[in-house]
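# Notes for the structure review
So you can see what is in the structure, the chains are spelled out below.
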Amino acid sequence: SLADGFISSAYNNIYLSKPKEEAKDVLETENIFNLLNSWETTIKNGKTCTYLSLNFLKGADRIYRQYYKGNCSSLDKTKLDVIIYDYYISDNVIYAKKEKETEYKELYTITSLSDESLNIKTSKTKYNLKLRE
């Protein structure tokens, strides 16, 4: 699963198939598993805000994504639609598709990942996400 880019499945398979301490060691040493968290960023440019939230689940190769671009005073994170994508990763590129779609498309390129930050980009925008509080 890990070699095929299915990070959540790999996490789950390692956790279930190895003795607890051995699984913990593997999961802590593979940096890519840091992705399995909730991430967010807000970019302010004058009165305009861009908000992006990505939640990568442990146990399902899915991303729950919220996005907003508009007037900062109108940003209400609790009212944003959540779009669910199936995903896999290959060569630091996150490929995703919505549930009823058949083909995966490039969604983001991971430029760096740590236990506290996720930096991604599209062809037009760079996002520096932090762990969601």
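Going along each chain's sequence as written, the residues are numbered from 1 onward. Reporting of local features is limited, given that this is a predicted model, to residues whose pLDDT is at least 70; pairs of side-chain atoms are given and counted only at 80 or more, and all residues count toward the totals for whole chains, interfaces and linings. Hydrogens and water molecules were not included; the side-chain quantities draw on all heavy atoms of the structure.

## Section: the side chain of R65
- Strands are runs of DSSP state E lasting at least two residues, helices are runs of H or I lasting at least four, and both sets are numbered from the N terminus onward. With respect to the helices and strands, the residue R65 is situated in strand β3 (residues 62–71).
- With no salt bridge to any partner, buried R65 finds its closest opposite charge in D81, at an N-O distance of 10 Å.
- For R65, the side chain forms a polar contact with the side chain of Y108, separated by 2.8 Å.
- Beyond its immediate chain neighbours, meaning those up to four positions away, R65 contacts L52, S53, L54, D81, V82, I83, Y85 and Y108. Classification of residues uses two cut-offs on accessible area relative to the type maximum, computed with a 1.4 Å probe and protein chains only: under 20% is buried, over 50% is exposed, and between them is partly exposed. Residues scored as charged are limited to Lys and Arg (positive) and Asp and Glu (negative), so that His and the chain ends carry no count. The term salt bridge refers to a pairing of a side-chain nitrogen on Lys or Arg with a carboxyl oxygen on Asp or Glu at a separation within 4 Å. In protein, a polar contact means a hydrogen-donor-capable atom and an acceptor-capable atom, both N or O and within 3.5 Å, with residues adjacent in sequence counting only if both atoms are side-chain atoms; elsewhere, any N or O pair within 3.5 Å suffices. For this analysis, residues touch if any pair of their heavy atoms sits within 4.5 Å.

## What about the sheet that holds strand β8 (residues 126–131)?
- Note on pairing: two strands pair once DSSP finds at least 2 bridges between them. In spatial order, the strands read β1-β2-β3-β4-β5-β6-β7-β8; together these 8 strands close into a barrel with antiparallel pairing. Direction aside, neighbouring strands of the sheet carry axes that sit 35° apart on average. With axes taken as lines fitted to C-alpha atoms, and helix axes fitted only over the stretch in contact, angles between N-to-C directions fall between 0 and 180 degrees.

## What to know about the pairing of strand β2 (residues 48–56)
- Judged by how many residues are buried, β2 sits mostly within the fold: 7 of 9 residues are covered.
- Note: strand β1 (residues 38–45) against β2, 8 bridges, orientation antiparallel. Residue pairing in the sheet places T42 in a bridge with Y51 of β2.
- Counting the residues in the hairpin turn of β1 and β2 gives 2 residues, including G46, whose phi is positive at 70°.
- As paired elements, β2 and β3 share 9 bridges and run antiparallel to each other. Counterpart to N55 in the pairing with β3 is Y64.

## Description of the pairing of strand β6 (residues 105–113)
- One ladder, built from 4 bridges, connects strand β5 (residues 93–98) with β6; its direction is antiparallel. Residue Y95 lies in a different strand from β6, and its bridge partner there is E106.
- Bridging between β6 and strand β7 (residues 117–121) involves 4 bridges; their strand directions are antiparallel. Of the residues in β7, the one forming a bridge with I110 is I120.
- Connecting β6 to the next strand, β7, in antiparallel fashion are 3 residues.

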